[in-house]
Amino acid sequence: MNVMRPALICIFLATTAFGQLTARNPVDELKDQVTKALAEAGVPFSADQERQLALLIEEERQAAENLFGETWDFSQGPPPGEQQDQALAGIRFMYDELRNELPAYMTAAQRTAWESYQSEQDVAFYTEDSGDAGAGSGRIQQIRVTNNAFNVETGAANGSSGLREGGARTEVIERGGVGAYHGNFAAIFQDEELNARNPFADNKPPYYERTINADISGPIIQDRLSLNFAVRDNRRENVGTVKAQTLDGLFSLGVTRPVENRSYDTRGVLQLADAHSLHMRFQFATEDSSNENVGNFSLPERASRTKERNHVVDLREVFVISDRTVHDVRFIWRKDRSETVPFSDALGIVVKDAFTGGGSQNRSLINGNEYELSNLVYFEGNNLTMRTGFRGWRRSERSDSENNFFGEFTFSDLESYRAGKPLKYRVKCCDPLFKMSQTHLVFFSQNDFRLTPTFTLMLGVRYFMQTDLDDRNNVDPRIGFAYAIGNSTVIRGGVAIFTNPANFRQNKEFTYLDGTRLFETQIDNPGWPDPFSAGTVRPPTRTQLDPNLRNSYFFLPQIQLEQSFPHNLFVTVAFDRARGINQPRGRDMNAPFSESGLRPFPDVGQILQLVSGSSTYHHLNVTLRQRVSIFNITADYLYFHGVSDQAGTGGFQDLPVDSRDVTKEWGRHVNPTHTFNTSVNSRLPMDVYLTTVVGARSGRRYTITTGRDDNGDGVSNDRPEGVVKNSEVGPNYFDVSFNISKAFEFGSNGSGATGTGPRMNVFANLSNAFNMTHLGTPSGVLRSPFFGRSFNATSPRQIEVGMRFQF
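Here's a quick rundown of the structure. Quantities reported herein were computed from a predicted structural model and do not represent experimental measurements.

## What to know about the overall build of the protein chain
Along the backbone of the protein chain there are 7 helices and 34 strands. The C-alpha radius of gyration computed for the protein chain amounts to 29 Å, which stays within 12% of the reference 28 Å derived for 807 residues, consistent with globular compactness. Along the first, second and third principal axes, the C-alpha set of the protein chain runs to 100 × 60 × 50 Å. Within the protein chain, residue pairs in contact and separated by at least 24 positions form 70% of the contacts whose partners lie at least 6 positions apart. The averaged location of the 95 negative side-chain charges in the protein chain is 3 Å from the averaged location of its 83 positive side-chain charges.

Rendered as structure tokens:
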């Protein structure tokens, strides 16, 4: 917990040093107005009414807070006009809806008092600097608020379980041809003169980064068509370090890995009719990455280069059938191409946790196509919200990969390398061409019943199936609830099953090396430099899927407490226990018996099979949000405790120490036990914006290994006697970063409101502002010269400067 103390002190000082709240959530403003109006009329809310309103208010408060937070995100200076307008319009839309719902909770006398107050006071929507008419709620076609962590529309849970696809969110669907015209042009620059030297490098390599972003948006045909054009061009030279031990001594070098990204994006909304809109997106993107695979123990000769191209066509039709019912259908096509060319196809040499040399041998060409079709019927009534639909997804891929076609030697340590005694030699052959496709199909239905004003019951079911697995029994029931236990206090919870599809890459890894078309040969104790001059040649290795393999799933009970305090303070505490079943892991089904050292099938080598494992994860997540004076504060703490029987770092390619006894892999997960993050967005006088980000976490876990193949199974991952998986903990982490921006405004848009005219922002981003040394995870190989010591560190202090013009 020592690593957490500095971060906790920082957030404590930030929250106590400043006083009065200024920018409030509009839902709080409305609630205060209603409370004041009824109190002045002598007909205040009763305790029972306050309790009945608690759930409604908290639902709307969370949704508004998600959007309101966007207007207070100063991590890149003042928010872009289009983003801010959309958020404010969404808040206005929800504000109006909430104001219309409130009378249903009032007595006749209270409704009369509230109506009189509104007419006399001319109650207006509250948002700071919202003078743009484009921010009106008329630009919003629909807002979908989902505060259910067990939402059936997606296959994953929201929150601290790490399955963050689905769950609570606020989605704003805009109309076409409305709003204001907005544009942004940004240029960002960075070079080695602004950066510090990595402590694990003896040099500071030349560095250069520049980013150009530009976009323009607005109505092309009034009340009919809106378009947004965006261009992004980024060139950066990611800095890394090589820290290795060769026969010539310590090798320490700072290196750069240049990456060029370009994307061209067009988005549009065509309003076909008052209740019917077509949302379109077309994107073309490229990426060129050089000097890949270099860093840590990998020498510069291991470099390779990858070029990627991606196309996306995204079409979505939204049809508002009635005030309560919406039909939403979507089609997405993605086409991608990736080509990797190594600097050298030379023989590979791996000396365990000392150095890796030779060619990277990762030449490949991959062409893929993805198609996605989804359909949703959404109904929102007074006491029932329903979501019913389906989603289909298909990917087909053609790959030509020559990974390790020229062979690779592995040595247990430098002394073995000096003596010319390799541990093993591996080489693949023969046909590199591989084709594969996979299809997912999902049906779902969810009904949220408001049984009482203070209690909502959420019942859902989701069915999933996919090709390439003989598993058709994936029915996910989900039960959730939300209960207002008092004024401004809501408790949520439930239990659910979340089936995870076997991802494309996972199944590809275990069907690619089939043992006939493509196979791998391994020689134990081979000759040097001619591997076939000595040693024992194993029969070819092959990979396969377990014929009984089933889709993995999590059984997840969760409980969450939400509390709103005065002065715009919102706190959430959530706990869940995720029990993983059928979790994918690798296993050698032809591993040798420990007594005889013989394999069950002597004429066959390793049979690497994807099989099922299990895991258990516990998460305690505490989140705090507050706007105090000119500060918007978000703080998040996560406690994690996880165990699994997956080998190594938990990847499905990793093999266990003993494939005949996988219980030896049951142990702690590598993830940090404690993680803390906080950001403070500050709107200072004279249009100065400051964002401070503080991050801290305990060390990641790692495993001690001997560096040898002690049990003769062909894998050099054995542990010393009595040592369990991930028994050691690496260094803690603490970091502080800043963004500071100064805005210069050139008049207004004619509304008279400030913050609505053209602006130029100049800014600086300081990553690792205090140049702290963030040590990486130490080597766990006993025979490594770096055993027990960190051999790398994350980036030192980096400073980038830039400007952005927006209107």
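There's plenty left to go through after this.
## Comments concerning the environment of Ile349
Tracing the sequence through the fold places Ile349 in strand β10 (residues 348–351). Once the C-alpha coordinates of Ile349 and Gly407 are considered, the two residues, 58 residues apart in sequence, prove to be 8.9 Å apart. Aside from chain neighbours lying at most four places away, what touches Ile349 is Phe355, Thr356, Gly357, Phe409, Phe411, Tyr417 and Trp528.

## Considerations on the side chain of His774
Residue placement: His774 occurs in the loop between β33 (759–767) and β34 (798–806). Residue class for His774 comes out buried when judged on its relative accessible area of 4%. Here Phe734 takes part through its backbone oxygen, which lies 2.8 Å from a polar atom of the side chain of His774. Excluding residues within four positions of it along the chain, His774 makes contact with Tyr733, Phe734, Asp735, Asn768, Asn792, Ala793, Thr794 and Ser795.

## Considerations on the state of the cysteines
For the coordinates displayed, the defined rule picks out 1 disulfide. Sulfur-sulfur distance for the disulfide between Cys429 and Cys430 comes to 2.0 Å. The sign of the 85° torsion about the S-S bond sets the Cys429-Cys430 disulfide as right-handed.

## A word on a nonpolar patch on the surface
Residues Tyr181, Phe185, Ile212, Ile216, Phe229, Phe744, Phe746, Val762, Phe805 and Phe807 make up a contiguous nonpolar surface patch of roughly 900 Å² in combined accessible area. Inspection of the secondary structure assignment puts Phe744 in strand β32 (residues 733–745). On the basis of relative accessibility, which here comes to 36%, the residue Phe744 falls in the partly exposed class.

## Considering the packing of aromatic side chains
Applying the stated criterion across every chain, the model contains 23 aromatic pairs. Chaining the aromatic ring pairs together yields one cluster made of Phe355, Phe409, Phe411, Tyr417, Tyr425, Trp528 and Phe532. For the cation-ring pair, Arg395 lies above Phe504, with the distance from its terminal atom to the ring centre recorded as 5.4 Å. Sitting above the plane of the Phe593 ring, Arg660 keeps its charged end 4.4 Å from the centroid.

## Focus: the pattern of salt bridges
For the coordinates displayed, the defined rule picks out 36 salt bridges. Here Arg426 and Glu408 are joined by a salt bridge, their closest N and O atoms 3.1 Å apart. Of this pair, Arg426 sits in strand β15 (residues 424–430) while Glu408 is found in strand β14 (residues 408–411), placing the two residues 18 residues apart along the sequence. With a closest N to O distance of 3.0 Å, Arg708 and Asp710 form a salt bridge. Overlapping salt bridges, with partners in common, bring together Arg334, Asp336, Glu370, Glu372, Arg391, Arg395, Glu397 and Lys508 in one network.

## What about the sheet that holds β14?
Strand order in the open sheet made by the 6 strands is β11-β10-β14-β15-β20-β21, with mixed pairing throughout. Either end of the sheet is taken by a strand with one partner, and the two such strands are β11 (355–357) and β21 (536–537). As defined by bridge partners, β14 adjoins β15 across 3 bridges and the pair is classed as antiparallel. When the bridges of β15 are listed, Thr410 appears paired with Lys424.

## With respect to unusual backbone geometry
A cis geometry characterises the amide bond from Trp528 onward to Pro529, with omega recorded as 5°. Despite not being glycine, Asn582 has its phi angle at roughly 60°, a positive value. Residue placement: Asn582 occurs in strand β24 (residues 569–588). In this structure, Asp687 takes a positive phi of about 60° despite not being glycine. Judged by its relative accessible area of 22%, Asp687 falls in the partly exposed class.

## So, the environment of Ala187
As for its placement among the helices and strands, Ala187 is situated in strand β3 (residues 182–191). Contacts of Ala187, omitting those with residues within four sequence positions, involve Thr211, Val801, Gly802 and Met803.

Rules used in this analysis
Residue positions are given per chain, counting from 1 as you read along its sequence in written order. Two thresholds apply to this predicted model, a pLDDT of at least 70 for residue-level local features and 80 or more for giving and counting side-chain atom pairs, whereas whole-chain, interface and lining totals are computed over all residues. For the side-chain quantities, the full set of heavy atoms in the structure was used; hydrogens and water were omitted. Starting at the N terminus, helices and strands are each numbered in turn, a helix being any DSSP run of H or I of at least four residues and a strand any DSSP run of E of at least two. Just to be clear, the radius of gyration here is over C-alpha atoms, and the globule rule we use is 2.2 Å times residues to the power 0.38. For this analysis, residues touch if any pair of their heavy atoms sits within 4.5 Å. Only four residue types enter the charge count: Lys and Arg as positive, Asp and Glu as negative, with His and the chain ends excluded. In plain terms, the charge of a residue is placed at NZ if it is Lys, CZ if Arg, CG if Asp and CD if Glu. Throughout this description, buried means an accessible area under 20% of the type-specific maximum (1.4 Å probe, protein chains only), exposed means over 50%, and partly exposed covers the range between. For this analysis, a polar contact is any N or O atom pair within 3.5 Å, provided that within protein one partner can donate a hydrogen and the other can accept it, and provided that sequence-adjacent residues contribute only side-chain to side-chain pairs. We call a pair of cysteine sulfur atoms a disulfide when they lie within 2.5 Å. For patches, a residue must show more than 30% relative accessible area and have no salt bridge; joins then use 9 Å for like charges and 5 Å for nonpolar side chains, namely Val, Leu, Ile, Met, Phe, Trp and Tyr. In this description, accessible areas are obtained by the Shrake-Rupley approach with a 1.4 Å probe, and a residue is regarded as covered only by the protein chains that are shown. For this analysis, a salt bridge means a side-chain nitrogen from Lys or Arg found within 4 Å of a carboxyl oxygen belonging to Asp or Glu. Note on aromatic pairs: the rings of Phe, Tyr and Trp (six-membered ring only in Trp) are paired at centre separations within 6.5 Å, and the planes decide the class, stacked below 30 degrees, edge-to-face beyond 60, tilted for the rest. Whether a charge sits over a ring comes down to the Lys NZ or Arg CZ being within 6 Å of the ring centre and within 35 degrees of the ring normal. Here a strand pair is declared whenever DSSP counts at least two bridges between the two strands.

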